[in-house]
Amino acid sequence: MNLDLFAPEELSDKRQQQLAQDAFVLHGFAAPYVAQLLPLLEAIQQVSPFRHLVTPGGFRMSVAMTCCGPLGWTSDRRGYRYSAVDPEHGRNWPPMPEIFLQLAQAAAAQAGFDDFQPDACLINRYQPGTKLSLHQDKDEQDYAAPIVSVSLGIPAIFLFGGQERSDKSVRVPLFHGDVVVWGGVDRLRYHGVLPLKEAEHPLLGRQRINLTFRKAA
Ligand code: MD3
Ligand code: FE
């Protein structure tokens, strides 16, 4: 007899962690997609390579970034913004692969956000030592849509803060295949990533790749 059939808390616990009212970690949700994602990521970075953007304040970001989809996020001395073209070469960002969209929509639906239609996928590359300082994602037009984040490669500790920069944050370890979905009342929470520890992943080597899907326009 399969007793697991009668232990729904084991199916939901562990694999789906609720961080706050409208914020969820779906542990391992992206695992079935990884083999399809990696060659597509390779092709995207051939067209729009990873680059270290400069903030309006003049600081070089330690995260390297690229994008795919109709809109991509960029930054320079003039400010942060979404753009239809990669400023590196002035042509459109690579299209968002269908399987990226399917993963983002399936994860959003699993967390209770139906009909998620992302128009931007930011791709962040972290190496050991790379960090992302506490910030809010405020450059999107539509705060009603959630954000979906997919972690690949070496682990990171994600900082999940509050509505104010000074609010205390909780540390959430994220591993290869984990997906975070947040929206609703948690959409504007401060968040960041602690400096990555030295590690090596069997598929990705000494790096973490994070995909964030947003509705920017
Ligand atoms: C929970 N990226 O690109 S994604 C970003 O891991 C960014 O690369 C991080 O923050 C990364 O802007 C974190 C997970 C995440 C992002 C934003 C959140 C979770 C969040 C905002 C509120 C609550
Ligand atoms: Fe962010």
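Our structure's up above, just so we're on the same page.
Starting from 1, residues in each chain are numbered consecutively following that chain's sequence as written. Chains and ligands are labelled by the order in which they are written, letters from A for the one and numbers from 1 for the other. Restriction of local features to residues with pLDDT of at least 70 applies here, the model being predicted, together with a cutoff of 80 or more for giving and counting side-chain atom pairs; totals for whole chains, interfaces and linings are based on all residues. To obtain the side-chain values, all non-hydrogen atoms of the structure were included, while hydrogens and water were left out.

1. Comments concerning the pattern of salt bridges
Then comes step 1: Salt bridge, as used here: a side-chain nitrogen of Lys or Arg that lies within 4 Å of a carboxyl oxygen of Asp or Glu. Evaluated as defined, the whole model comprises eight salt bridges.
Then comes step 2: Between R187 and E140 there is a salt bridge, with the nearest N and O atoms lying 2.8 Å from each other. Taken together, the residues R187 in the loop between strand 13 (179–182) and strand 14 (191–193) and E140 in the loop between strand 9 (132–135) and strand 10 (147–153) connect sequence positions 47 residues apart. When sorted by exposure, R187 lands in the same class as E140, which is buried.
Then comes step 3: Between E198 and R206 there is a salt bridge; the shortest N-O distance is 2.8 Å.
Then comes step 4: According to the relative accessible area criterion, E198 is exposed, its value standing at 55%.
Then comes step 5: When salt bridges that share partners are traced, they join D137, E140, R187 and R214 into one network. Secondary structure is summarised from DSSP: a helix means a run of H or I of at least four residues, a strand means a run of E of at least two, and numbering begins at the N terminus for each. Any residue under 20% of the maximum accessible area for its type is buried, any over 50% is exposed, and the rest in between are partly exposed; the area is computed with a 1.4 Å probe on protein chains only.

2. Some thoughts on the coordination of the iron ion (ligand 2)
Then comes step 1: Note on donors: an N, O or S atom is included if it sits within 2.8 Å of the metal, or within 3.2 Å for Na, K and Ca, and water is never included, so sites can look incomplete. Only H135 (NE2), D137 (OD) and H191 (NE2) from the protein reach the iron ion (ligand 2) as donors, at distances of 2.0 to 2.2 Å.
Then comes step 2: The sequence motif formed by the donor residues of the iron ion (ligand 2) is H-x1-D-x53-H. One end of the pair, H135, is in strand 9; the other, H191, is in strand 14, with 56 residues separating them in the sequence.

3. Examining the sheet that holds strand 10
Then comes step 1: Strand pairing is assigned whenever DSSP detects at least two bridges linking the two strands. Across the sheet, seven strands lie side by side as 1-2-13-10-15-8-3; this open sheet has antiparallel pairing. Each edge of the sheet is formed by a strand with only one pairing partner; in this case those strands are strand 1 (16–20) and strand 3 (64–68). Between one strand and the next, the sheet's axes are offset by a mean angle of 20°, whatever the strand orientation.
Then comes step 2: Pairing geometry for strand 8 (residues 120–126) and strand 15 (residues 208–214), over seven bridges, is antiparallel. Paired with L122 across the two strands is T212, which belongs to strand 15.
Then comes step 3: Contacting strand 3, strand 8, strand 10 and strand 15, helix 2 (residues 34–47) runs over the sheet at an angle of about 90° to strand 10.
Then comes step 4: Residue contacts follow a heavy-atom distance rule, with two residues in contact if any of their heavy atoms lie within 4.5 Å. Interaxial angles span 0 to 180 degrees and are taken between N-to-C directions of axes, which are lines fitted to C-alpha atoms, for helices over the stretch in contact. Each of strand 1, strand 2 (23–26), strand 3, strand 8, strand 10, strand 13 and strand 15 is contacted by helix 3 (residues 98–110), which is oriented at about 115° to strand 10, the strand it contacts most.

4. Some remarks on the packing of aromatic side chains
Then comes step 1: Two rings from Phe, Tyr or Trp (for Trp, the six-membered ring) form a pair when their centres sit within 6.5 Å of each other. Planes less than 30 degrees apart are called stacked, planes more than 60 degrees apart edge-to-face, and all others tilted. The full count for this structure, using the stated rule, is four aromatic pairs.
Then comes step 2: Ring centres of W73 and Y80 lie 5.3 Å apart, and the angle between their planes is 25°; this geometry places the pair in the stacked category.
Then comes step 3: Ring centres of F158 and F160 lie 6.3 Å apart, and the angle between their planes is 45°; on these two criteria the pair is classed as tilted.
Then comes step 4: When the NZ atom of lysine or the CZ atom of arginine is within 6 Å of a ring's centre and also within 35 degrees of its normal, the charge is said to sit over that ring. Seen from the ring of Y126, R208 lies directly overhead, with NZ or CZ sitting 4.9 Å from the centre.

5. Overview of the pairing of strand 1
Then comes step 1: Relative to strand 2, strand 1 is paired through four bridges, and the arrangement is antiparallel. In the strand pairing of strand 2, Q18 is matched with F24.
Then comes step 2: Hairpin connection, strand 1 to strand 2: the antiparallel pair is bridged by two residues.

6. Regarding the sheet that holds strand 14
Then comes step 1: The strand order across the open sheet built from four strands is 9-14-11-12, with neighbouring strands paired in antiparallel fashion. Since the sheet does not close on itself, it has two edges, and those belong to strand 9 and strand 12 (170–174), each with one partner. For this sheet, the mean angle separating the axes of adjacent strands, direction not counted, is 20°.
Then comes step 2: In this sheet, strand 14 lies alongside strand 11 (residues 156–160) in antiparallel orientation, the contact comprising three bridges.

7. Let's talk about the layout of surface pockets
Then comes step 1: Grid points spaced at 1 Å over the protein atoms alone were grouped into cavities, where a 1.4 Å probe fits but cannot get out, and pockets, open sets with protein on both sides within 12 Å along at least five of seven lines, with lining residues defined by an atom within 4 Å of a point. Grid points are joined across faces, edges and corners, and a volume is the space filled by probe spheres set on the points. Size it by volume and the largest pocket reaches roughly 720 Å³.
Then comes step 2: Lining the largest pocket are 35 residues, with M61, L132, S133, H135 and D137 sitting closest to its centre.
Then comes step 3: Those elements that provide at least two residues to the lining of the largest pocket are strand 8, strand 9, strand 13, strand 14 and strand 15.
Then comes step 4: Under the scheme applied here, ten amino acids are nonpolar (Ala, Val, Leu, Ile, Met, Phe, Trp, Tyr, Cys and Pro), four are charged (Asp, Glu, Lys and Arg), and all others, including Gly, are polar. The class makeup of the residues in the lining of the largest pocket is 15 nonpolar, eleven polar and nine charged.
Then comes step 5: For the second largest pocket, the calculated volume is near 180 Å³.
Then comes step 6: Forming the boundary of the second largest pocket are P155, A156, I157, P173, L174, F175, L194, P195, L196, K197 and A199.
Then comes step 7: Counting residues per element, the ones that place at least two in the lining of the second largest pocket are strand 11 and strand 12.
Then comes step 8: Classifying every residue of the lining of the second largest pocket by side-chain character gives ten nonpolar, no polar and one charged.

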